[in-house]
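Observations on the model geometry
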Amino acid sequence: MMVEGMALLDLGVSPYSGDVFHETPLIVYLFHFLVDYAEIVFMITDALTAVTLYLAVQEYNKLMFKKQKLLLELKKYPQEGHELLRVPTEMYYVPLKVSLFYLLNPYTVLSCVAKSTCVINNAVIALFILATVKGSPLLSAVFLSLATYQSLYPVTLLPPALLYLLQKEFVPVKMKSTGFWLFSSF
C-alpha cells in the first residue's frame, strides 16, 4: 500500500484523492527517502523497540525496588507479607524476557516481514513508555503526540501516564477525592 502511495506521489497525483490510501503524510515522505532500505529500516526499528522496552522495564524495576525498600523501612508492610515482596534476583531477567517476547511475537515478526507501518507506531509507543517511566513529561508528550498522529488509539494512554508522572513527582493521588476524578475525566 505504501508503494502505491509513493508511486502516486511521484506521478504528481495526491494519494489521498481516492479511498484506498490511509497513511499519514509524515510516514509517506519519510519512506519516500528510505524506500531502497525498507527491509533494514523495519528490522532496526523492531530492534530499537526491543531495546527500548528492555530499558523501560529495567527502570521500572529499579523504581519499584526503591519504593519497596522505603515502605519496608517505614514498616508499611505486615510481617506475614514479607515473603511476597519482590527480590531483585527474581526480577533480573524480566527486562530480557519482555524484549524477547516482543521480538518473538508472531504479530511482530509478520508486521516486520509485511513492512507494516505499525512497526513504527510500536517503536514510538515504546519510546513513550520509556520517557514516562524515566519521568520526562516533555518527551512523554512528544512521543504520545507522534503515536496519536499515526493512530488515534494511543491517546488512551494519556490518563495513566499523567497519573504515573504525578505519583513520580510525589504528588499524592487520592482516589476518593472529587478533584482527582475531575482532573482525570478531562
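Given the structure is predicted, the values throughout are model-derived calculations rather than measurements. (Residues numbered from 1 in each chain as written. Predicted model: local features only at pLDDT ≥ 70, side-chain atom pairs only at ≥ 80, totals over all residues. Heavy atoms only, no water.)

**Some remarks on the pattern of salt bridges**
Note the following rule: Note on definitions: salt bridges are taken to be side-chain nitrogens of Lys or Arg within 4 Å of carboxyl oxygens of Asp or Glu. Segments assigned H or I by DSSP are reported as helices when at least four residues long, segments assigned E as strands when at least two residues long, and all are numbered from the N terminus. Any residue under 20% of the maximum accessible area for its type is buried, any over 50% is exposed, and the rest in between are partly exposed; the area is computed with a 1.4 Å probe on protein chains only.
Throughout the structure, instances matching the rule amount to 2 salt bridges. One salt bridge connects E39 with K115, and the closest N-O pair in it is separated by 3.1 Å. Highlighted residues: E39 in helix 3 (residues 38–73) and K115 in the loop between helix 5 (106–113) and helix 6 (118–134), separated in sequence by 76 residues. Look at K115 and you get partly exposed, because its relative accessible area is 36%. The salt bridge involving K134 is made with E59; its shortest N-O contact spans 3.5 Å.

**Thoughts on the side chain of Q68**
Note the following rule: Contacts were defined at the residue level, with two residues in contact if any of their heavy atoms lie within 4.5 Å.
Secondary-structure assignment places Q68 in helix 3. Excluding anything up to four places from it in sequence, Q68 contacts Y77, L85 and R86.

**Quick notes on helix 6**
The criterion, for reference: For a helix, the expected span equals 1.5 Å multiplied by the number of residues minus one.
Look at helix 6: 24 Å from first C-alpha to last across 17 residues, which is about the 24 Å you get at 1.5 Å a residue. Taking burial as the measure, the 17 residues of helix 6 include 12 buried ones, the bulk of the element. All buried positions along helix 6 are accounted for by C118, V119, I120, N121, A123, V124, A126, F128, L130, A131, T132 and V133. Of the surrounding secondary structure, the elements contacted by the buried residues of helix 6 are helix 2 (25–34), helix 3, helix 5, helix 7 (137–150) and helix 8 (158–168).

**Some remarks on the UniProt feature "transmembrane region" (unreviewed entry) in the chain**
Inclusion rule: UniProt positions are given in the numbering used here, feature names are shortened, and annotations may be inferred rather than shown by experiment.
Sites flagged by UniProt as "transmembrane region" (unreviewed entry) map to residues 37–57, 107–130 and 142–166. End-to-end, the C-alpha atoms of residues 37–57 are 30 Å apart, and along that stretch the chain is 95% helix and 0% strand. A helix fraction of 72% and a strand fraction of 0% characterise residues 142–166, whose end C-alpha atoms lie 17 Å from each other.

**Details of the packing of helix 3 against helix 4 (residues 94–104)**
Keep this limit in mind: With axes taken as lines fitted to C-alpha atoms, and helix axes fitted only over the stretch in contact, angles between N-to-C directions fall between 0 and 180 degrees. Any angle from 65 to 115 degrees is called roughly perpendicular, while one under 35 is roughly parallel, one over 145 is roughly antiparallel, and all others are oblique. By convention the crossing between two helices is left-handed if the near helix lies anticlockwise of the far one by an angle smaller than a right angle, and right-handed if it lies clockwise. In this classification, Asp, Glu, Lys and Arg are treated as charged, Ala, Val, Leu, Ile, Met, Phe, Trp, Tyr, Cys and Pro as nonpolar, and every other residue, Gly included, as polar.
Running from N to C, helix 3 and helix 4 cross one another at 155°; their axes reach a closest spacing of 8 Å. Here helix 4 runs roughly antiparallel to helix 3, going by the angle between their axes. Here helix 3 runs over helix 4; the crossing is right-handed. Of the residues in helix 4, those in contact with D46, T49, A50, L53, Y54, V57, Q58 and N61 of helix 3 are V94, P95, L96, V98, S99, Y102 and L103. Counted by class, the contact of helix 3 with helix 4 contains 10 nonpolar, 4 polar and 1 charged residues.

**Quick notes on the packing of aromatic side chains**
The condition that has to hold: Under the pairing criterion, centres of Phe, Tyr and Trp rings, with the six-membered ring standing for Trp, must be within 6.5 Å; the plane angle then separates stacked pairs below 30 degrees from edge-to-face pairs above 60, leaving the rest tilted.
Tallying each qualifying case throughout the model produces 2 aromatic pairs. Measuring from ring centre to ring centre gives 6.5 Å for Y60 and Y164, while their planes differ by 35°; the resulting arrangement is tilted. Taken together, the positions of Y60 in helix 3 and Y164 in helix 8 put the pair 104 residues apart, joining distant regions of the chain. Each ring, one from Y92 and one from Y93, has its centre 5.0 Å from the other, and the planes form 85°; the classification is edge-to-face. Accessibility assignment for this pair places Y92 and Y93 in one class, exposed.

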